[in-house]
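# Inside the fold
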Amino acid sequence: MSERTAVVLAGGRSTRFGDEDKAVADLAGTPMIRRVVDRVAPVVDAVVINCRAEQTPAIREALDGVGRPVTFAEDESPDEGPMAGMATGLRAVAGEYAFVVACDMPFVDPEFVDYLFERAPGHEAVVPRPEQWFETTHAVYRAAAMAEACEAALDAGEERIVAPLFELDFVVVDAEAVREHGHRRTFENCNTREDFADAERRLRD
Ligand SMILES: Nc1nc2c(ncn2[C@@H]2O[C@H](COP(=O)(O)OP(=O)(O)OP(=O)(O)O)[C@@H](O)[C@H]2O)c(=O)[nH]1
Ligand SMILES: [Mg+2]
């Protein structure tokens, strides 16, 4: 099946942001997660949201009318970290490949996401490495393979998402390819009120 899915990770507690869920917080007039989904929707067929059960109503409302089927993959037990969320989200994917993205990346570049999907056939993961770090929450995975690898890593007490990644046949998109195919803002994430204010200034430009 060639269907492409976006898995949006939103199950965190937004502690750096404050007493509000940053996923649905207003960013220049639009809930942040809506910005993320609106940006990736043109290059995917379906959307899966990973979050805690109590977040679902507000996120569902924020995503009303996005034009792609949205399903919710709720954490069975919350606060187990982004890798657990990734496994839960990927288990709910119907197609072969999924782009996993954090809910706090409102500048995600659809053309770059398309490029990541294009590099995927024959591999289990396509992960950008614009600098020193692998952007594991902005990467394409063969859903079943990564879900399984995450579950094994969690069982082994691993917390870093590179651990399951290294178990897969993965392609690295290096700094040069990132520059060539992507906008540098694509990896920018908003964690604090200051990050929101800063992003908002640029979104209103
Ligand atoms: N399911 C799930 N997702 C998580 C968890 N922790 C973080 N995430 C998600 O992983 C992504 C990156 O996490 P952070 O940017 O640290 O978000 P956060 O944990 O909500 O924010 P802070 O509390 O400020 O670190 C975000 O999309 C989060 O929603 C978790 O325990 N469970
Ligand atoms: Mg966190």
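Residues numbered from 1 in each chain as written. Chains lettered and ligands numbered in written order. Predicted model: local features only at pLDDT ≥ 70, side-chain atom pairs only at ≥ 80, totals over all residues.

Here we come to the sheet that holds strand S9 (residues 170-174). Taken in spatial order, the seven strands make up an open sheet running S5-S4-S1-S6-S8-S7-S9, and their pairing is mixed. Two strands bound the open sheet, and with one partner strand each, they are strand S5 (70-74) and S9. The mean inter-strand angle of the sheet, taken between neighbouring strand axes irrespective of direction, is 25 degrees. Of the strands in this sheet, strand S1 (4-9), strand S4 (46-51) and strand S6 (97-102) are in contact with helix H1 (residues 32-40), which crosses S1 at around 165 degrees. (Pairing = 2+ DSSP bridges. Helix = DSSP H or I, 4+ residues; strand = E, 2+ residues; numbered from the N terminus. Axes fitted to C-alpha atoms, helices over the stretch in contact; angles between N-to-C directions. Contact = placed C-beta atoms within 7 Å.)

In this section: the UniProt feature "binding site: GTP" (unreviewed entry) in the chain. Feature annotation in UniProt places "binding site: GTP" (unreviewed entry) on Leu9, Ala10, Gly11, Lys22, Asn50 and Asp104, given in this structure's numbering. Sequence-wise these annotated residues cover 96 residues; spatially they are packed, their C-alpha atoms never more than 14.1 Å apart. When you line up the elements, Ala10 lands in the loop between S1 and strand S2 (26-27). A residue is classified by how many C-beta atoms lie within 10 Å of it, and Ala10, with 25 of them, is buried. Among all residues touching Ala10, those that are not within four sequence positions of it are Ala23, Ile33, Ile49, Asn50, Cys51, Gln55, Ile59 and Cys103. Looking at where Gly11 falls in the secondary structure, it is placed in the loop between S1 and S2. Judged by the 26 C-beta atoms lying within 10 Å of it, Gly11 falls in the buried class. Beyond its immediate sequence surroundings of up to four residues, Gly11 is in contact with Asn50, Cys51, Arg52, Asp75, Pro78 and Gly85. (UniProt positions renumbered as here; feature names shortened; annotations may be inferred. Buried ≥ 20, exposed ≤ 12 C-beta atoms within 10 Å, placed from the backbone.)

Turning our attention to the pairing of S5. Strand direction decides the pairing type here: S4 and S5, joined by five bridges, are parallel. Within S5, the position partnered with Cys51 by the bridge is Glu74. This β-α-β element, S4 to helix H2 (residues 56-62) to S5, shows right-handed connectivity. (Right-handed = clockwise from strand over helix to strand, strands pointing away.)

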